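A look at the structure
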Amino acid sequence: MKTLRESFDNSKYLSVKQDSYFDAYDKVLNRFVGKPVTVVEVGVLNGGSLFMWRDYFGENANIIGVEFNPSAKKWEEHGFRIFTGDQASEEFWDNFFKEVGPVDILIDDGGHTNHQQIVTVQKAVHHIRDGGLLIVEDTHASYMKSFGNPSPYSFIAFAKSIIDRIHGRYTGNTRGTKPPARQIHSVEFFESMTVFSIDRRKTKMSEIVRNGGISSNAVDYRFKKNAAERLSEKVESSKGLVRNIYKKLLKREMRRQNSSLKKYFTNIDV
Ligand SMILES: C[S@@+](CC[C@H](N)C(=O)[O-])C[C@H]1O[C@@H](n2cnc3c(N)ncnc32)[C@H](O)[C@@H]1O
């Protein structure tokens with residue numbers, strides 16, 4: 001199968017991408033090749049990526065460009081639909097999706113500010129079909145001073161908050177987590193690129209299931225050979241107030257263990 005790098009090199013018009021993107025794109029986009037998908041790219045500039053996407057996805061794909069600079073309208077002569085407007089405007093997206101309807105893939109290669117990236121994800125997520133993708137390029141901007149970062153409101157901080165929301169779907173996490181993610185099934189992070197997989201069919205609150213197999217009553221060794229082991233045994237064997245005291249002690253012990261992990265965060269080698 002054709003690689004995105006081949007389509008990039010085949011494009012008659014200029015496109016600029018990070019070389020690390022091609023492997024990531026092939027990994028997540030491969031299954032859409034040859035299908036009648038609607039693909040939106042924010043940021044048209046010299047038009048080269050529009051031709052790249054058409055070449056990669058094939059003639060059945062509907063490629064749409066979004067660009068602030070009205071000169072991009074000229075690409076309509078080549079069969080692309082072009083919408084001009086500001087990706088940071090919620091109103092722009094409301095009008096856009098009213099006209100275009102649901103899409104399969106949206107790629108944000110626009111202005112890369114926190115505001116532009118976050119508004120684009122927040123508005124587009126409701127209009128991506130189940131099984132589709134929302135991809136944000138150049139997320140290294142979240143680490144650049146010229147974009148006002150680092151900031152608690154950077155795009156990557158926003159993406160991390162979606163990790164919390166995904167875990168909010170776990171039945172036991174109803175207290176202390178953010179509201180669960182309802183559109184985003186999973187998130188993949190690549191260098192300078194974040195990929196959200198949209199699938200509402202898979203975002204219900206999870207349930208614990210058992211396969212009905214035979215239990216050999218094996219002992220869970222999670223706390224084996226540490227202080228938590230004794231405390232967890234006490235929690236299991238006691239009742240009422242005493243049990244609550246042991247639970248508190250166990251929590252304190254777990255916090256003590258967590259604080260010993262600091263070295264793995266300050267001297268990361270992964
Ligand atoms: C990095 S370039 C796009 C490059 C193109 N996708 C490629 O691969 O060659 C970014 C484009 O986003 C456009 N842009 C910047 N801010 C924007 C905004 N707020 N809304 C829409 N487009 C914007 C710029 O005018 C510029 O053409």
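Within each chain, residues carry numbers counting from 1 in the order of the written sequence. Local features in this predicted model are restricted to residues whose pLDDT is 70 or higher, and side-chain atom pairs enter the listing and the counts only when it is 80 or higher, whereas totals over whole chains, interfaces and linings include all residues. Heavy atoms from the whole structure form the basis of all side-chain values; hydrogens and water molecules are not counted.

On to the nonpolar core, then. Here the nonpolar core consists of buried residues drawn from Ala, Val, Leu, Ile, Met, Phe, Trp, Tyr and Cys, with membership extended through side-chain atoms lying within 4.5 Å. Partly exposed describes any residue whose relative accessible area lies between the buried limit of under 20% and the exposed limit of over 50%, with all areas from a 1.4 Å probe on protein chains only and scaled to the type maximum. Of all hydrophobic cores here, the largest spans 30 residues; its most connected members are Tyr25, Leu29, Trp53, Phe57 and Ile135. Going along the chain from the N terminus, every DSSP run of H or I of four or more residues is numbered as a helix, and every run of E of two or more is numbered as a strand. Residue assignment for this core shows that the elements contributing at least two residues are helix H1 (4-10), helix H2 (21-29), helix H3 (48-57), strand E4 (103-108), strand E5 (128-137) and strand E7 (193-198). By definition, residues are in contact when any of their heavy atoms lie within 4.5 Å. Apart from the residues within four sequence positions on either side, Leu29 is in contact with Trp53, Tyr56, Phe57, Ile105, Leu133 and Ile135. Listed in part, the 29 residues of the second largest apolar core include Ile64, Val103, Val121 and Phe196.

Looking now at the site of the ligand. Whether a residue is near a molecule or strand depends on its heavy atoms: if one lies within 4 Å, it is near. The ligand sits among 18 residues. The nearest are Ser15, Gly43, Glu67, Asp86 and Asp109. One of the side-chain nitrogen or oxygen atoms of Ser15 is found 2.9 Å away from an oxygen atom of the ligand. The term polar contact refers here to a pair of N or O atoms within 3.5 Å; inside protein, the definition further demands a hydrogen-donor-capable atom paired with an acceptor-capable atom, and it admits residues adjacent in sequence only when both atoms are side-chain atoms. Separating a nitrogen atom of the ligand from a backbone N or O atom of Phe68 is a distance of 3.2 Å. Taken by itself the ligand offers 600 Å² of open surface, and the protein chains cover 84% of this. Ten residues, namely Ala, Val, Leu, Ile, Met, Phe, Trp, Tyr, Cys and Pro, are considered nonpolar, four, namely Asp, Glu, Lys and Arg, are considered charged, and the remaining ones, Gly among them, are considered polar. A class-by-class count of the residues in the shell around the ligand yields 4 nonpolar, 9 polar and 5 charged. Areas reported as accessible are Shrake-Rupley estimates using a 1.4 Å probe. Residue values count occlusion only from the protein chains shown.

A few words on the domain arrangement of the protein chain. Segment limits for the domains were obtained from an automatic or database-derived domain assignment. Taken domain by domain, the protein chain consists of domain 1 (4-202) and domain 2 (227-263). The distance between the C-alpha centroids of domain 1 and domain 2 comes to 44 Å.

Attention now moves to the pairing of E7. As a general feature of sheets, a regular strand has side chains that alternate between the two faces. By the criterion of burial, E7 is predominantly enclosed, with 6 of the 6 residues buried. What you see with E7 is no split at all: Met193, Val195 and Ser197 on one side and Thr194, Phe196 and Ile198 on the other are buried throughout. Strands are treated as partners if at least two bridges between them are detected by DSSP. Sheet topology places E5 next to E7; 5 bridges connect them, and they run antiparallel. What sits directly across from Leu133, in E7, is Ser197. Here 6 bridges tie strand E6 (residues 184-190) to E7, and the two strands are oriented antiparallel to one another. By the bridge assignment for E7, Phe189 is matched with Thr194. Linking E6 to E7, which pair antiparallel, is a turn of 2 residues; within it Ser192 sits at a positive phi near 65°.

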